[in-house]
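# Overview (structure and organization)
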Amino acid sequence: FALHPHGCKRKARMNLKTLSIATFNLYNLNLPGLPVYTDRDGWTQAEYDLKIAWTARQLKVLQSDVFGFQELWHAQALAGGLNASGLAADYDMLVPPDADGTKIVCAAIVRKGLLSGAPDWISAFPPKFKLQSSGDDAQTPQIDVSISGFSRPVLHFTIKPRTSEPDIHVYVCHFKSKAGELWANHFATLVEGKEHLKELGRMTLWEGAQPISFRET
């Protein structure tokens, strides 16, 4: 597989008429036998083989110029899927150097000749970034969230589909919802209403914050 070296640049020589971009979640793609979260045994070989086959199938069906991936654990696992698709010779693989199976990363593959700059992974928020608000009336609770960076670093790179046009900046993100922690966490467990979570998530994404209430049983 082609692992694009961190800090390396390649001059693109393309004049594409169309540019295709795809993204999909790899569903915790790690090598077999390595821990995944609290599961110390991780995937069996049979489970891993199925995940590689599924990944390869998506790549062959879509064959996009750029693929963004979420929930990759190990670089070799993504390489396995790319090799299984038969498309390894067509793409550069963008994976951080520490994608060794111990944590989740964002990754990408880019059609050869399209990449115009070195990839980087953004972990920290800008120094002056703050999530604070006192609201605009006395009944609005104060918001003060202490968070300094992305739990899943954002992959950033540039591509140049046409030599006469500016570079295009691409960001691969994995926005992690806190709904999972809310569903079964240290202070409460939701025992009913979970069938509404999907619609609540959709409404929050497209319409913004939604009213929500909890009652103790």
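Read on for an overview of the structure. Starting afresh in each chain, residues are numbered from 1 along the sequence in its written order. pLDDT decides what is reported in this predicted model: residues at 70 or higher carry local features, side-chain atom pairs at 80 or more are listed and counted, and totals for whole chains, interfaces and linings draw on all residues regardless. Excluding hydrogens and water, the side-chain values take into account all heavy atoms of the structure.

## Notes on the pattern of salt bridges
- We define a salt bridge as a side-chain nitrogen of Lys or Arg found within 4 Å of a carboxyl oxygen belonging to Asp or Glu. In this structure the tally under the stated criterion is 5 salt bridges.
- One salt bridge connects Asp65 with Arg111, and the closest N-O pair in it is separated by 2.8 Å. Of this pair, Asp65 sits in the loop between helix H1 (45-62) and strand S2 (66-74) while Arg111 sits in strand S4 (residues 100-111), placing them 46 residues apart in sequence.
- Overall, the relative accessible area of 21% leaves Arg111 in the partly exposed class.
- Residue Asp167 is joined to Lys160 by a salt bridge in which the shortest nitrogen-to-oxygen separation is 3.2 Å. Secondary structure follows DSSP: runs of H or I at least 4 residues long count as helices, runs of E at least 2 residues long count as strands, and numbering of each begins at the N terminus. Using a 1.4 Å probe on the protein chains alone, a residue whose accessible area is under 20% of its type maximum counts as buried, one over 50% counts as exposed, and one in between counts as partly exposed.

## As for the packing of aromatic side chains
- Stacked, edge-to-face and tilted are the three classes for Phe, Tyr and Trp ring pairs, Trp counted by its six-membered ring, which pair at centre distances within 6.5 Å; planes under 30 degrees apart are stacked, over 60 edge-to-face, the rest tilted. Inspection of every chain in the model, using the stated rule, returns 9 aromatic pairs.
- Judged by centre distance (5.5 Å) and plane angle (90 degrees), the rings of Phe24 and Trp54 are edge-to-face. With Phe24 in strand S1 (residues 21-29) and Trp54 in helix H1, this residue pair connects regions lying 30 residues apart in the sequence.
- The exposure class assigned to Phe24 is buried, which follows from its relative accessible area of 11%.
- A connected cluster of aromatic rings, assembled from ring pairs, spans Phe24, Tyr27, Trp54, Phe67, Phe69 and Tyr91.

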